[in-house]
Amino acid sequence: MATSSTPELLVLHAVRLRGMTTEAEAAARFGLDADAVGELLLDLQAYGRVTRSGFAGTSGWSLTDAGRTEGERLLAEELARSGHGPFVRERYETFLAYNERCLTACTDWQLRPDGSGRLAVNTHADADWDGRILDELTVLGGVIDTLAAELGSRLDRFSGYGDRFTGALARVRRGEFSWVDRPRADSCHTVWMELHEDLLATLGIRRGEEPVPPAAG
């Protein structure tokens, strides 16, 4: 049976993964009751673990340093209690093997050679260029779907990444091109980067201290 996380861990983790989030977004991330999440965020604010702020016309909750530390402590305790540390690390290494491919695909979706040795904005007028990228994202969708299923069978909060990625890709194939890399939405890039952050947080690895990724098969 998969390990289920406590509401406090899930709320702190939702805020970390999204960077800045509303009560509704934090609740939706892990299927929690919105009113309960709102109350828990106020409790966490009283303990100095989250703060509410606004920026460029948006407002929401974000982690304080104390909240990040507490979230990492809870994640480490959960991982140790579950006994799945080695399994998660193996799947993290699999993820790393494909990470550069996803970043390259998203960059190629934005920019492409203009024929003079320079890069220009991709206008999506070249069906062959876009088709190659979509084929690559389809492969990566299979990778993230498998990883999420395997991880989610051990730690429940990892479930759903595959559905979110392939859901975004389906929108792209219907002509909603921004869903490859749309910010603050469940685009392919957002979901992939969120899983990356989830794995780093779970394993207690800091960005910049990651191992050299193995080659993808």
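Above this text is the structure in question.
Everything quoted here is computed from the prediction, not taken from an experiment.

*Asks:* Explanation requested: the environment of Thr-107 in the structure shown.
*Replies:* Among the secondary structure elements, Thr-107 is positioned in helix α5 (residues 85–110). Residue classification places Thr-107 among the partly exposed positions, given a relative accessible area of 39%. As a C-alpha pair, Thr-107 and Ala-56 span 51 residues in sequence and 25 Å in three-dimensional space.

*Asks:* Whenever I open this one, the packing of aromatic side chains confuses me. Can you help?
*Replies:* Within a pair of aromatic rings, the relevant descriptors are the distance that separates the centres and the angle that separates the planes. One pass over the full model with this rule turns up three aromatic pairs. On the basis of an interplanar angle of 80° and a centroid distance of 5.6 Å, the ring pair of Trp-109 and Phe-177 is categorised as edge-to-face. A residue pair is termed long-range when its members are at least 10 positions apart, and Trp-109 in helix α5 and Phe-177 in the loop between α7 (161–173) and α8 (188–203) qualify at 68 residues. Residue classification places Trp-109 among the buried positions, given a relative accessible area of 3%. Classification of Phe-177 by relative accessible area gives partly exposed; the value is 35%.

*Asks:* So what exactly am I meant to see when it comes to the environment of Arg-89 here?
*Replies:* Its place among the elements puts Arg-89 in helix α5. In the structure, Arg-89 is positioned 83 residues away from Thr-6 in sequence and 22 Å away in space, judged by C-alpha atoms.

*Asks:* Any chance you could explain the side chain of Ser-187 here in plain terms?
*Replies:* By secondary structure assignment, the location of Ser-187 is in the loop between α7 and α8. Here the side chain of Ser-187 touches Arg-182 through a polar contact of 2.8 Å, landing on its backbone oxygen. Here Thr-190 takes part through its side chain, which lies 3.0 Å from a polar atom of the side chain of Ser-187. Setting aside residues up to four positions removed in sequence, Ser-187 forms contacts with Ala-168, Ser-178, Trp-179, Val-180, Asp-181 and Arg-182.

*Asks:* Please clarify how α7 should be interpreted in this entry.
*Replies:* Between its terminal C-alpha atoms α7 stretches 19 Å, which fits the 18 Å expected from 13 residues at 1.5 Å a residue. Buried-residue contacts for α7 involve α1 (7–18), α2 (23–29), α5, α6 (127–152) and α8. Following α7 by one or two positions, Gly-175 has its phi on the positive side, about 105°.

*Asks:* Got a minute to help me understand the pattern of salt bridges in this structure?
*Replies:* Pairing between side chains becomes possible if they bear opposite charge and their charged atoms approach one another. All told, the structure shown has 22 salt bridges when counted by the stated rule. Its salt-bridge partner being Glu-25, residue Arg-18 comes within 3.7 Å of it at the nearest N-O pair. Take Glu-25: its relative accessible area is 26%, and that puts it in the partly exposed class. Salt bridges sharing common partners tie together Arg-16, Arg-68, Glu-72, Glu-197 and Arg-206.

Rules and cut-offs
- Residues numbered from 1 in each chain as written.
- Predicted model: local features only at pLDDT ≥ 70, side-chain atom pairs only at ≥ 80, totals over all residues.
- Heavy atoms only, no water.
- Helix = DSSP H or I, 4+ residues; strand = E, 2+ residues; numbered from the N terminus.
- Buried < 20%, exposed > 50% of the residue type's maximum accessible area, 1.4 Å probe, protein only.
- Phe/Tyr/Trp six-rings, centres within 6.5 Å; stacked < 30°, edge-to-face > 60°.
- Polar contact = N/O pair within 3.5 Å; in protein donor to acceptor, adjacent residues only side chain to side chain.
- Contact = heavy atoms within 4.5 Å.
- Expected span 1.5 Å × (residues − 1).
- Salt bridge = Lys/Arg side-chain N within 4 Å of Asp/Glu carboxyl O.

Keep in mind these numbers describe shape, not what the thing actually does.
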